[in-house]
Amino acid sequence: MNQSTAIAFMRRLRAGLDSGLELPEALTKGATALPRDARHTIELILDRLDGDYPEDEWGFDEEFAELVEPFFAFLYESWWRVKVDGAERVPAHGRALLTANHAGILPWDGTMISMALLREHPLPRYPRFLVLNWAFDLPWVSSAIRKVGGVVASPFNALRLLEQDQLVAVFPEGVKGTGKAFSDRYRLQRFGRGGFVEIALRTGAPIVPVAVVGSEEIYPKIADIPPLARVFGAPFFPVTPTFPWLGPLGVVPLPSKWRIEFLEPIETASYGPEAAADRALVLELSERVRDEIQQALYANLVRRGLAFI
Amino acid sequence: MLITGVGSQVGSLLAAQLERDPDVEYVAGLDTRRPRLQLDHTEFLEADIRDPQIGRLIPPTGVDTIVHEQIVRQPGPRMSSLAMHDVNVIGTLQLLAACERVQTLRTIVVRGSAGVYGAEPQAPQFFREEMATMFPLRTRFQRDVAEIENYFETYARRHAAVRCTMLRYQPAIGPNLRTQITRYLSQPVCPTYMGFDPRIQLVHIDDALEAITAAVRNPVPGAVNVAGPGTIGLARMIRLAGKRALPIAAPLFGPVTSTGQRLGLDAQSEDFQRLLRYGRGVDTRRLTDEVGYTPRYSTVAAVEDWVRQAREAA
């Protein structure tokens, strides 16, 4: 897929919405602009939403993830032109905890980390994400997130996944990261209370810091409307240059240029599981991870140059 | 050994199984309704569990084990939710009062419910036993179960010689079983919440009964989750059952299903509605490691077994 098909898709989508169609119909109409294989994929996806497929106990559906891959591949290659460094540093098997900075209101950064591993890693593997809790109360979003490997952001989920030797991705900034204002971009927020370090220590999983540059520009949040956030039960209601002015189209992220760097893993197994109770160690490791990501963010910002071109 | 609620389907099956067990010398069954199966050696005590007279009926039996099965999970068509609360909470209270006078008692096993955890969008995928108080109690049934658990905990603290096992069951499914979930899957269409595909976890009836027997043999103090390993998506479960889902937008779900109820369709309890929206899974490691019972049917296998039998019957 190239950029022109995407533009054609967006144009059809826009035309459909203008002529008074609901979003699902408009999406279907827009899809007719896509090449036949992509259309075939969408038909398959709609069939699968009906229910006959294998999933694991978390609701992860590898075939579904493969089916929607072309969409993310388009975002990865053409829309955000992602450059990846150090993918080979992620362990090829066994448990590991990816720890990344978080930005961009919707969790696109998680999907791009996933794509980076599928594309650049010598032994591609799907990471599982800890996703902000309130997303699981939203129709469609909740089931789609589960199908591509998302789970509720609960330490118990992370522990169980790591015990099952999965690759788990966490965003310790949490909602403080996604909800921060554009003026605070690339300034890491507090890393919670270091819960992710405790989880890594308890399971002996290495921590792989990940720095994502580009996600801050996709939805530049210029204001927040807390009363509306309360209406939707969301942690914040963002105002960006496109949202809510363009309606559903405001959800289309801006095409910034991205860089993802996987840093050297920090091993934790030698401390032993009891070390999880050692406050000083937990905070020290948490601060170290935060620092490494912050440094890598600055370095990659310089390497990237202009945000959009 | 004494079984409460022997008139229910699961209670009768359990009595039949315990009768055949060579290690069990004597089985008594308490209920207002007669057992549904022909039981050869079970002594039937006809009494209402809410009635204080069970305090005179139970001690003479001299049982060393009580299996408390009489917990109403869903009020039937002729049962008010108040009556359900009465059976659940007052019944438990009367039973425990009677237990005070049973000097021979060593073991109490309760067939409780994993419903105590609730069904929450923000819940961990697999509840562990210590997470019962993680979320507020939202439904009447949830509060009932929490109260029952509370009574048993208090009782267990006062009687060190009696071991109380609180089995927290996921909904049961299995051939010829009529439960909320099998009634739901037997409807012409299955109402679902539009845009939600929750992870459901069930237990096969064979495993449900075996788990009680295992807990009677090895009564681990405290709560133990009982469920088939793994989970199944609601959409997939409906597909396996050969039914069609009827997606209803969340705010309309209550009105639409209550209209359906007036038209003769099955009613869904508040707990079940939350389950259909958010699902629930439990961690069964304590059952396997401490009680020593490994369920034979995974959740998916349990659904498949029920579907196979339902097809044959149809």
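Look above for the structure.
Because the structure is a prediction, the values reported are computed rather than measured.

Right, let's talk about the overall build of chain A for a bit. Secondary structure summary: chain A contains 12 helices and 9 strands in total. Counting only residues that meet the buried cut, chain A has 52% of its 309 residues in that class. Intrachain contacts of chain A at a sequence separation of at least 6 include 74% that bridge at least 24 residues.

This next bit is on the packing of helix α3 (residues 81-99) of chain B against helix α4 (residues 140-158) of chain B. All names here are of chain B. Contact geometry for α3 and α4: axes closest at 10 Å, N-to-C directions at 5°. One element, α3, and the other, α4, form an angle in the roughly parallel class. Where α3 approaches α4, its residues Ser 81, Leu 82, Met 84, His 85, Asn 88, Val 89, Thr 92, Leu 93, Leu 96 and Cys 99 are matched on the opposing element by Arg 140, Phe 141, Asp 144, Glu 147, Ile 148, Tyr 151, Phe 152 and Tyr 155. A per-class count over the contact of α3 with α4 returns 11 nonpolar, 4 polar and 3 charged.

Next up on the list: the packing of helix α8 (residues 155-163) of chain A against helix α10 (residues 195-203) of chain A. The relative placement of two packed helices comes down to the angle between their axes together with the axis-to-axis distance. All names here are of chain A. Where α8 meets α10, the closest approach of the two axes is 10 Å, and the angle between their N-to-C directions is 30°. For the element pair α8 / α10, the angle class is roughly parallel. Both α8 and α10 take part in a crossing whose hand is right-handed. Only Ile 199, Arg 202 and Thr 203 of α10 make contact with α8, whose side of the interface consists of Pro 155, Ala 158, Leu 159, Leu 162 and Glu 163. Here the contact of α8 with α10 is composed, by residue class, of 5 nonpolar, 1 polar and 2 charged.

Turning our attention to the side chain of Gln273(B). All names here are of chain B. As for its position among the elements, Gln 273 is in helix α9 (residues 270-278). Side-chain polar atoms of Gln 273 contact the backbone oxygen of Gln 268, separated by 3.4 Å. Aside from chain neighbours lying at most four places away, what touches Gln 273 is Tyr 193, Phe 253, Thr 257 and Gln 268.

Let us look at the interface of chain B and chain A. Each partner contributes residues to the interface: chain B has 25 residues there, and chain A has 30 residues. Linking chain B with chain A are 5 salt bridges, by the criterion used here. Put simply, Glu163(A) and Arg285(B) hold a salt bridge, and the shortest N to O gap is 2.9 Å. Viewed at the interface, chain A and chain B are joined by 9 residue pairs in polar contact (both at pLDDT 80 or more). Listing elements by their share of the side of chain B that touches chain A, those giving two or more residues are α7 (234-240) and α9 of chain B. Looking at the side of chain B that touches chain A element by element, the count peaks at 3 residues for α7(B).

Residues and elements named next belong to chain A. Following the sequence through the fold, Thr 268 ends up in the loop between β9 (259-262) and α12 (279-304). Look at Thr 268 and you get buried, because its relative accessible area is 1%. In this structure the side chain of Thr 268 is engaged in a polar contact, spanning 3.3 Å, whose partner is the backbone oxygen of Ala 200. Engagement of the side chain of Thr 268 in a polar contact is seen with the backbone oxygen of Ala 205, the distance being 2.7 Å. Excluding its chain neighbours within four sequence positions, the residues that come into contact with Thr 268 are Ala 200, Leu 201, Gly 204, Ala 205, Pro 206 and Ile 207.

Residue and element names in this part refer to chain A. There is a patch of nonpolar side chains on the surface, built from Ile 225, Leu 228, Val 231 and Phe 232 and spanning about 370 Å² of accessible area. Relative to the elements of secondary structure, Val 231 occurs in helix α11 (residues 226-232). Looking at Val 231, the relative accessible area reads 64%, which means it is exposed.

Residues and elements named next belong to chain A. Scanning all chains against the criterion turns up 15 aromatic pairs over all chains. Summarising the aromatic geometry, the rings of Phe 71 and Trp 108 are spaced 6.3 Å apart at their centres and angled 55° between planes, so their arrangement reads as tilted. Here Phe 71 is found in helix α5 (residues 69-79), whereas its partner Trp 108 is found in helix α6 (residues 108-120), with 37 residues between them in sequence. According to the relative accessible area criterion, Trp 108 is buried, its value standing at 15%.

The full count for this structure, using the stated rule, is 3 cavities of 30 Å³ or more. Approximately 190 Å³ is the volume attributed to the largest cavity. What lines the largest cavity is a set of 20 residues, and nearest its centre among them are Arg146(A), Glu120(B), Gln125(B), Tyr278(B) and Gly279(B). Each pocket or cavity is described by its volume, and for the second largest cavity that value is around 60 Å³. If you trace the second largest cavity, you find it lined by Ala103(A), Gly104(A), Ile105(A), Gly177(A), Thr178(A), Lys180(A), Ala181(A), Phe182(A), Glu216(A), Tyr219(A), Pro220(A) and Lys221(A).

About the thresholds
- Residues numbered from 1 in each chain as written.
- Chains lettered and ligands numbered in written order.
- Predicted model: local features only at pLDDT ≥ 70, side-chain atom pairs only at ≥ 80, totals over all residues.
- Heavy atoms only, no water.
- Helix = DSSP H or I, 4+ residues; strand = E, 2+ residues; numbered from the N terminus.
- Buried < 20%, exposed > 50% of the residue type's maximum accessible area, 1.4 Å probe, protein only.
- Contact = heavy atoms within 4.5 Å.
- Axes fitted to C-alpha atoms, helices over the stretch in contact; angles between N-to-C directions.
- Parallel < 35°, antiparallel > 145°, perpendicular 65-115°, else oblique.
- Nonpolar A, V, L, I, M, F, W, Y, C, P; charged D, E, K, R; others polar.
- Left-handed = near helix turned anticlockwise from the far one by under 90°.
- Polar contact = N/O pair within 3.5 Å; in protein donor to acceptor, adjacent residues only side chain to side chain.
- Salt bridge = Lys/Arg side-chain N within 4 Å of Asp/Glu carboxyl O.
- Patch = residues over 30% accessible without salt bridge, like charges linked within 9 Å, V, L, I, M, F, W, Y side chains within 5 Å.
- Areas by Shrake-Rupley, 256 points an atom, 1.4 Å probe, with all protein chains shown as cover.
- Phe/Tyr/Trp six-rings, centres within 6.5 Å; stacked < 30°, edge-to-face > 60°.
- 1 Å grid on protein atoms, 1.4 Å probe; cavity = no way out; pocket = protein on both sides within 12 Å on 5 of 7 lines; lining within 4 Å.
- Points joined across faces, edges and corners; volume = space filled by probe spheres on them.

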